[in-house]
Amino acid sequence: MKKLTDLEYLRLNTVQRLWYNIVQFFLGIPQWFVNLGKTIVSKVVAFFVGIKNEMVDIVTTFTKGSWKTKVSFLVMGFGNIARGQVMRGLLFLAFEAVFIVYMVTTGGYWLSKFRTLGDVPPGEVYNEILDTYVRVNGDDSFKILLYGLLTILFIIAFIYTWRLNVKQNRISEEILASGKKLKSGKDDLRSVLDDQFHKTLLALPITGIIVFTVIPIIFMILVAFTNYDGAHDGYSNLFTWIGWDNFNELISSSSSDANLSYTFGEILSWTLMWAFFATFTNYFLGMLVAILINKKGIKFKKLWRGILVLTIAVPQFVSLLYVSKLFDTNGVVNAMLLKFGIIDQAIRFWENTTTARILVIVVNIWVGIPYLMLVSTGILMNIPQDLYESSKIDGASVWQQYMKITLPYMLFVTGPYLLTQFIGNINNFNVIYLLTNGRPASPDLVTSGGSATTTDLLVTWLFNITTGATSNYKLAAVIAIMIFIVVAGLSLIVYNVIPSTRNEEDYS
């Protein structure tokens, strides 16, 4: 399909425009991947060029630098101290001292064990005093993996700090050569609390992100390349590196557990289906409720909003468990249907795949509509009423007003939110876990990593894998990586096509 001009596009009706946009989107995917490949190649080239430039700068700094600079290559901070920047130099020197002490005392040990993740299993030795055999601890694979990772990251931090130290010496020499004065310790402190204060404030949250987000993610990725599970806990039985075997087992249908790849495919398809319906049903129905409540002539608007907000006030843990019991085989819903003669026997809502999946989507609507109603209400109140009045004069129907004014404005403002809501529903643990309670079971979804149910999302399956008898952490890590790949891929594609990022000037 050829690309239409703006005039040709405006002549299309709503259905034709929708079809044209869908076709253009899919036609643009190959070019998007081509552009992505070019970007990756350019970034890789820029990375190696940057390394080359850094190496050239280091060699130039050493060859052309003064003796103070040369000594700083071995004794960090010496050049700063010798030039009067005592506080800055002492910080560099202290960091180097801590690094050397750590590597000599413990860091070297963890690095030496990191290649094998331990080679001394626990054993027993005879104790003459107790006249029995007592346990003797060996290596701990879990600690080796964790502390080995932290040691590698510490080495990277040291290399970065050493490079910063070298660069500081070069800059100091250039400043002195130009006849200017170097900053003193007071100037550095004043800078930290004044013009560089934003960096000071960001230091704590960035540290928190690295410690509580980045390092656990890297650790999880490393676990995916080991055989860490209940049988290999790293303490009583060491685990080790096994390469790509876990990924082959999950993806390949020719693996030792062929049902694992089938189960993963089934759960992935249901996860995406659930995320789609859970997101867009709440979005459009919440918007519809907001439009109805805000419509002129509607009385008791505050009352209707208050009633809906009450569902947000009740903790999800309580409401979801309550609804789950309502639809049990012996629950209130079946009792009422039997009493009025609507059904002859109780409906096993949570034992049938179709009814269970429909129920979790419907209940999620009940949970999610109030919040979307509040969000939509705030946005709808900011749409200029002149647009609606002008459209009425031009003879636009209510549906046309919605399609041409309300929906485009809503999508523009809530586009990023809609994307994050979709991603959040992919990882929506509460609704599925609390409602279904591990039902309905399916013999087709029994794997070596633990059984799954037909309503399980990837995140609930991951939870069951890690808390079951097998404690299959290696498989859970692989699934978590696959979730990340799916979520990241969808996010990149959708984020580049939503109006919020493509047509920012339209609503400015």
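Scroll up a little and you will see the structure.
Quick caveat: nothing in here was measured; it's all calculated off a predicted structure. (Residues numbered from 1 in each chain as written. Predicted model: local features only at pLDDT ≥ 70, side-chain atom pairs only at ≥ 80, totals over all residues. Heavy atoms only, no water.)

> Whenever I open this one, the environment of Thr406 confuses me. Can you help?
Structurally, Thr406 can be placed in helix α16 (residues 398–426). According to the relative accessible area criterion, Thr406 is buried, its value standing at 4%. C-alpha separation for the pair Thr406 and Gly368, spaced 38 residues apart in sequence, amounts to 20 Å. Once you skip the residues sitting within four places of it in the chain, Thr406 turns out to touch Ile291, Leu380, Ile383, Tyr388 and Gln401. Separated by 2.6 Å, the side chains of Thr406 and Tyr388 make a polar contact. (Helix = DSSP H or I, 4+ residues; strand = E, 2+ residues; numbered from the N terminus. Buried < 20%, exposed > 50% of the residue type's maximum accessible area, 1.4 Å probe, protein only. Contact = heavy atoms within 4.5 Å. Polar contact = N/O pair within 3.5 Å; in protein donor to acceptor, adjacent residues only side chain to side chain.)

> Hey, could you run me through the nonpolar core in this one?
Looking at soluble globular proteins, one finds that nonpolar side chains tend to be buried together. In this structure, Leu250, Trp274 and Trp461 are the most contacted members of the largest nonpolar core, which totals 58 residues. When residues of this core are assigned to their parent elements, the largest contribution, 9 residues, is made by helix α19 (residues 473–495). Not counting chain neighbours up to four residues away, the residues in contact with Leu250 comprise Leu260, Ser261, Phe264, Trp461, Leu475, Val478, Ile479 and Met482. (Core = buried A, V, L, I, M, F, W, Y, C linked by side-chain atoms within 4.5 Å.)

> Any chance you could explain the environment of Lys113 here in plain terms?
Its place among the elements puts Lys113 in helix α5 (residues 86–114). Residues Lys113 and Tyr322 lie 209 residues apart in sequence; the distance between their C-alpha atoms is 51 Å. If we ignore the near neighbours within four places in the chain, the residues touching Lys113 are Gly118, Asp119, Val120, Asp139 and Ile144.

> So what exactly am I meant to see when it comes to unusual backbone geometry here?
Positive phi is not limited to glycine here, since Leu117 has a value of about 60°. On the secondary structure map, Leu117 appears in the loop between α5 and β1 (123–127). For Leu117, a relative accessible area of 0% gives the class buried.

> Any chance you could explain the packing of helix α18 (residues 458–467) against α19 here in plain terms?
For any two helices packed against each other, one specifies the inter-axial angle together with the distance between the axes. In contact at an axis separation of 9 Å, α18 and α19 are set at 165° when each is read in the N-to-C sense. In terms of their interaxial angle, α18 and α19 are classed as roughly antiparallel. For the crossing formed where α18 meets α19, the hand is left-handed. Seen from α18, the contacting residues are Leu458, Val459, Trp461, Leu462, Ile465 and Thr466; seen from α19, they are Tyr473, Leu475, Ala476, Ile479, Ala480 and Ile483. (Axes fitted to C-alpha atoms, helices over the stretch in contact; angles between N-to-C directions. Parallel < 35°, antiparallel > 145°, perpendicular 65-115°, else oblique. Left-handed = near helix turned anticlockwise from the far one by under 90°.)

> Just checking my understanding: could you explain the layout of surface pockets for this structure?
With a probe scaled to a water molecule rolled over the atoms, the places where space remains empty come into view. By volume, the second largest pocket is sized at about 1200 Å³. What lines the second largest pocket is a set of 34 residues, among which Leu91, Phe92, Tyr160, Thr161 and Leu164 lie closest to the centre. When residues of the lining of the second largest pocket are traced back to their parent elements, those giving at least two are α5, α6 (141–177), α7 (185–193) and α8 (197–223). No other element matches the 11 residues that α6 contributes to the lining of the second largest pocket. (1 Å grid on protein atoms, 1.4 Å probe; cavity = no way out; pocket = protein on both sides within 12 Å on 5 of 7 lines; lining within 4 Å. Points joined across faces, edges and corners; volume = space filled by probe spheres on them.)

> I tried to follow the side chain of Glu96 on my own but got confused; where do I start?
If you trace the backbone, Glu96 turns up in helix α5. Among buried Asp, Glu, Lys and Arg side chains, Glu96 stands out as unpaired, with Arg83 the closest opposite charge at 14 Å. Setting aside residues up to four positions removed in sequence, Glu96 forms contacts with Leu74, Val75, Met76 and Phe158. (Lys, Arg positive; Asp, Glu negative; His and termini not counted. Salt bridge = Lys/Arg side-chain N within 4 Å of Asp/Glu carboxyl O.)

> Whenever I open this one, the pattern of salt bridges confuses me. Can you help?
Once the charged atoms of two side chains with opposite charge are near each other, the side chains can pair. Per the stated rule, a full pass over the model turns up 8 salt bridges. Taking the shortest distance from any N to any O, the salt bridge between Arg163 and Asp57 comes out at 2.5 Å. Here Arg163, found in helix α6, pairs with Asp57, found in helix α2 (residues 14–64); they are 106 residues apart in sequence, far enough to count as distant. For the pair Arg163 and Asp57, one class covers both residues: buried. Salt-bridge contacts for Glu173 lead to Arg83; the nearest nitrogen and oxygen are separated by 3.2 Å. Here Arg83 lies in the loop between α4 (78–82) and α5 and Glu173 lies in helix α6, a separation of 90 residues in the sequence. Each of Glu54, Asp57, Arg163, Arg170 and Glu174 takes part in salt bridges that share partners, so that together they form one network.

> Would you mind going over the packing of aromatic side chains with me for this structure?
The relative placement of two aromatic rings is captured by the distance of their centres and the angle of their planes. Tallying each qualifying case throughout the model produces 30 aromatic pairs. Here the aromatic rings of Tyr102 and Phe154 are separated by 5.4 Å at their centres, their planes lie at 65°, and the arrangement is edge-to-face. Of this pair, Tyr102 sits in helix α5 while Phe154 is found in helix α6, placing the two residues 52 residues apart along the sequence. The exposure class of Tyr102 is partly exposed, given its relative accessible area of 23%. Ring centres of Phe429 and Tyr433 lie 4.8 Å apart, and the angle between their planes is 20°; on these two criteria the pair is classed as stacked. Separated by 4 residues within a single helix, Phe429 and Tyr433 lie in helix α17 (residues 429–436), roughly one turn from each other. You can call Tyr433 partly exposed: its relative accessible area is 33%. Three or more aromatic residues link up through ring pairs in this structure, and these residues are Phe95, Phe99, Tyr102, Phe154 and Phe158. Looking at Lys70, its charged tip hangs above the ring of Phe62, at a distance of 5.5 Å from the centre. (Phe/Tyr/Trp six-rings, centres within 6.5 Å; stacked < 30°, edge-to-face > 60°. Lys NZ or Arg CZ within 6 Å of the ring centre and 35° of its normal.)

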